[in-house]
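# Coordinates in review
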Amino acid sequence: MRIGRRAVLAGVAGLVPAMGRAAAPLRVVVTFSVLADLVRRIGWDRVAVTSLVGPNQDLHTFEPRPSDVQAIAAADVFIVNGLGIEGWTDRLVGAVKLKRPVVVATRGITPRKMMEGGHAEIDPHAWQDVANAIRYAGTIRDALIAADPDGAAAYRAAAEAYRAELAALDAEVRATFAAIPRAQRLVVTTHDALGYFGAAYGIDFRAPQGMSTEGEPSAKELAALIGQIRREHIRALFLENVGRDVLLETVARETGVRVGGQLFSDALSAPDGPAGTYIAMIRHNTATIAAALR
Ligand SMILES: [Zn+2]
């Protein structure tokens, strides 16, 4: 006898009402793939998540489509990273009436500053420090509870389980880099997206493209970076899944330093790729960088 999977699931849901959700899922729209993964880990089947910027897409240079305006207008919850990385959302939010205020995932996080073109600017890539991802998760949990109070217990339980996973990940990354002498921990990436990762785990990053993938180094800046790589005996260069690889390839050719692989910075990979989740992304970047530095 064949019993349909749907019938079995319906039966289980009927027996365990706390697990099911009678109403339609909460519609959550986020700006990019890292936020989408965090929301799924806390909301599970209570949420339907849409990410405006998809896997392997560039958050800095994204051009919203008319369908993105519609998605935000229909959203129960709209979550952004903040710290100025998604300037393009201002126009979208201005064009629609939101059901609830925009949720800023970096709320309460003290941003780090970086020198950019001779002046200090706020670095928006806060998710690259796992301790910050734990803070993002707390903000997301509170936003989901505010929009869907019936799910409060489920959101709290999922957020607590995820927090424990992230804390273990943070310890794992620390242990990996602690085994590599500090003087060896100097690497170059396409754009300055890993400053928080570097500050948290004791790695110095340099990047020809600066903090935004829209940046374009002058010939003088590029020459200065090449000089620095030669002087400081930088051991590895990394491509990213966003940004302009041609600059990094120029630097690799000029310095003879090998390319140590690809890092995931401002977007996850496709789900079946090496960085399909936030945790997979941090693990992949850690293993890739550590392998090149040893
Ligand atoms: Zn970036």
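Keep in mind it's a predicted model, so treat the numbers as computed, not measured. (Residues numbered from 1 in each chain as written. Predicted model: local features only at pLDDT ≥ 70, side-chain atom pairs only at ≥ 80, totals over all residues.)

## Some details on the packing of helix H6 (residues 152–178) against helix H10 (residues 278–293)
Just so we agree on the cut-off: Throughout, an axis means a line fitted to C-alpha atoms (over the contacting stretch in the case of helices), and angles, computed between N-to-C directions, take values from 0 to 180 degrees. Put simply, DSSP marks the helices as runs of H or I at least four residues long and the strands as runs of E at least two long, and each gets a number from the N terminus on. Any angle that is under 35 degrees is reported as roughly parallel, and any over 145 degrees as roughly antiparallel; angles of 65 to 115 degrees are reported as roughly perpendicular and all others as oblique. The contact rule is simple: place each C-beta atom from the backbone, and if two of them lie within 7 Å, those residues are in contact. Here the term charged refers only to Asp, Glu, Lys and Arg, the term nonpolar to Ala, Val, Leu, Ile, Met, Phe, Trp, Tyr, Cys and Pro, and the term polar to all other amino acids, Gly among them.
Orientation of H6 relative to H10, taken along the N-to-C sense of each, is 5 degrees, at an axis distance of 10 Å. Here H10 runs roughly parallel to H6, going by the angle between their axes. Contacts from Glu 165, Leu 169, Val 173, Thr 176 and Phe 177 of H6 reach H10 at Ile 279, Ile 282, Thr 286 and Ala 290. Broken down by class, the residue content of the contact of H6 with H10 amounts to 6 nonpolar, 2 polar and 1 charged.

## Observations concerning the nonpolar core
Under the convention used in this document: For our purposes the nonpolar core covers buried Ala, Val, Leu, Ile, Met, Phe, Trp, Tyr and Cys residues that link as a set through C-beta atoms within 7 Å. Residue burial here comes from a neighbour count, namely the number of other C-beta atoms, placed from the backbone, that lie within 10 Å of the residue's own C-beta, with 20 or more meaning buried, 12 or fewer meaning exposed, and in between meaning partly exposed. What fixes the domain bounds is an automatic or database domain assignment.
Residues Val 28, Leu 38, Val 39, Ile 42, Ile 79 and Ile 140 are the most contacted members of the largest nonpolar core, which totals 71 residues. Broken down by element, the residue count for this core peaks at 8 residues, all from H6. Both domains that furnish three or more residues to this core are identified here as domain 1 (5–170) and domain 2 (175–293).

## Let's talk about the sheet that holds strand E3 (residues 77–80)
The cut-off we apply is this: A pair of strands is labelled paired if DSSP reports no fewer than 2 bridges between them.
Across the sheet, 4 strands lie side by side as E2-E1-E3-E4; this open sheet has parallel pairing. The open sheet has two edge strands with one neighbour each: strand E2 (47–51) and strand E4 (103–104). Strand contacts of helix H5 (residues 130–147): strand E1 (26–30), E2, E3 and E4, with the helix running at about 165 degrees to E3, the strand carrying the most contacts.

## Considering H6
Threshold: Here a helix's expected span is defined as the number of its residues, less one, multiplied by 1.5 Å.
For H6, spanning 27 residues, the distance from its first C-alpha to its last is 38 Å, which sits close to the expected 39 Å at 1.5 Å a residue. Looking only at H6, the buried set comprises Ala 154, Tyr 155, Ala 158, Ala 159, Tyr 162, Leu 166, Val 173 and Phe 177. Buried-residue contacts for H6 involve helix H2 (33–43), H5, helix H7 (195–201) and H10.

Nothing here speaks to function; it is geometry throughout.
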